[in-house]
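Overview (structure and organization)
So you can see what is in the structure, the chains are spelled out below.
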Amino acid sequence: MTITRVRPSVELRGVRRSFGDRVVLNGIDLTIASGEFVALLGQSGTGKSTLLRALAGLDPAVEGYISVPRQRAVVFQEPRLMPWKKVWRNVTLGLEKGGDRKQVQAMARQALAEVGLTSHEDAWPATLSGGEAQRVALARALARSPDALTRLKMQALVAKLCLRYNPAVLLVTHDVDEAIALAQRILVLRDGRFVTDIPVDIPTPRHRGGNEFGRLRSRLLADLGVEESEL
């Protein structure tokens, strides 16, 4: 019998990043398979954003091996829309150069339809609600066939889109409940290393009042160094 090893969509080996004498990432190893949804938890200052920047190719000083798909996208916590560009042009930001305008606009239209904003194609960002602006940011990621995403609060929409497009997803969040509700696997980053790497075996849809949900929540909070009484 021949066993075929599937290459992970995202792979990190021995990734290290320091700022002066402070080591933020200390030999990180990580794999994310295509179609796998991984959540990363950690307190402020533990290196979550540093790891995300490394995955996005935004930190030339990071050391170690990093392999990510050529097509990848990041959805930031803040929508970061360009106020002087209409919604569809925000969706295709960076994709228009050298491309056919009609084709590029069609890509934007399709991505906006996926997030329920078909009628907002020609709207200005200033006219959008906060939730609509976040969905535009998500559409911008969809237009690039995303393989790495950061914080997404629209949980039902994200779950539906992940089922449809089967991307490799990294959710960076402070919200333990959000991580449990969405992820197939949860990591906790502390002192430059992953102190927790645990699968989420709770059947979906996951209810916050369930016993399994509560037990996993308690464990993750403990791994984060947070007492439930502090919440």
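The paragraphs below set out a description of the structure included in this document. All chains use their own residue numbering, which begins from 1 and follows the written sequence. Local features in this predicted model are restricted to residues whose pLDDT is 70 or higher, and side-chain atom pairs enter the listing and the counts only when it is 80 or higher, whereas totals over whole chains, interfaces and linings include all residues. To get the side-chain values, take all heavy atoms of the structure and skip hydrogens and water.

Digging into the pairing of strand 1 (residues 10-19)
Any two strands with at least two DSSP bridges between them are considered paired. Put simply, DSSP marks the helices as runs of H or I at least four residues long and the strands as runs of E at least two long, and each gets a number from the N terminus on. Sheet topology places strand 1 next to strand 2 (residues 22-32); eight bridges connect them, and they run antiparallel. Its bridge partner being in strand 2, S18 is matched across the sheet by V23. Adjacent in sequence and paired antiparallel, strand 1 and strand 2 are bridged by two residues, among which G20 carries a positive phi angle near 65°. With four bridges joining them, strand 1 and strand 4 (residues 63-67) adopt antiparallel strand pairing. Bridge pairing links L12 to I66 in strand 4.

Thoughts on the sheet that holds strand 7 (residues 193-199)
Strand order in this open sheet of four strands is 5-3-6-7, and the pairing throughout is mixed. The sheet is open, and its two edges are formed by strand 5 (169-173) and strand 7, each paired on a single side. On average, each strand axis in the sheet is inclined to that of its neighbour by 20°, with strand direction left out of account. In terms of strand pairing, strand 3 (residues 37-41) meets strand 5 through five bridges, oriented parallel. Of the residues in strand 5, the one forming a bridge with V38 is L170. What counts as an axis is a line fitted to C-alpha atoms, over the stretch in contact for a helix, and the angles between N-to-C directions run from 0 to 180 degrees.

Some remarks on the packing of aromatic side chains
Under the pairing criterion, centres of Phe, Tyr and Trp rings, with the six-membered ring standing for Trp, must be within 6.5 Å; the plane angle then separates stacked pairs below 30 degrees from edge-to-face pairs above 60, leaving the rest tilted. Going through the model one piece at a time under the given rule, you end up with zero aromatic pairs. In this scheme, Lys NZ or Arg CZ marks a charge over a ring once it lies within 6 Å of the ring centre and within 35 degrees of the ring normal. For the cation-ring pair, R13 lies above Y65, with the distance from its terminal atom to the ring centre recorded as 4.2 Å. Here the basic side chain of R17 rests over the ring of F19, its NZ or CZ set 4.1 Å away from the ring centre.

Points about unusual backbone geometry
At the junction of T204 and P205, the peptide bond is cis and its omega measures out at -5° in the coordinates. The topology assignment puts P205 in the loop between strand 7 and helix 7 (211-224). Positive phi outside glycine occurs at D191, with the angle close to 55°. Its location among the elements puts D191 in the loop between strand 6 (185-190) and strand 7.

Some words on the sheet that holds strand 2
With antiparallel pairing, three strands are arranged side by side in an open sheet as 2-1-4. Unpaired on one side and paired on the other, strand 2 and strand 4 mark the two borders of the sheet. Along the sheet, successive strands turn relative to each other by an average axial angle of 20°, direction set aside. Whether two residues are in contact is decided by their heavy atoms: any pair within 4.5 Å suffices. Relative to strand 1, helix 1 (residues 48-55) is tilted by about 125°, and along the sheet it contacts strand 1, strand 2 and strand 4.

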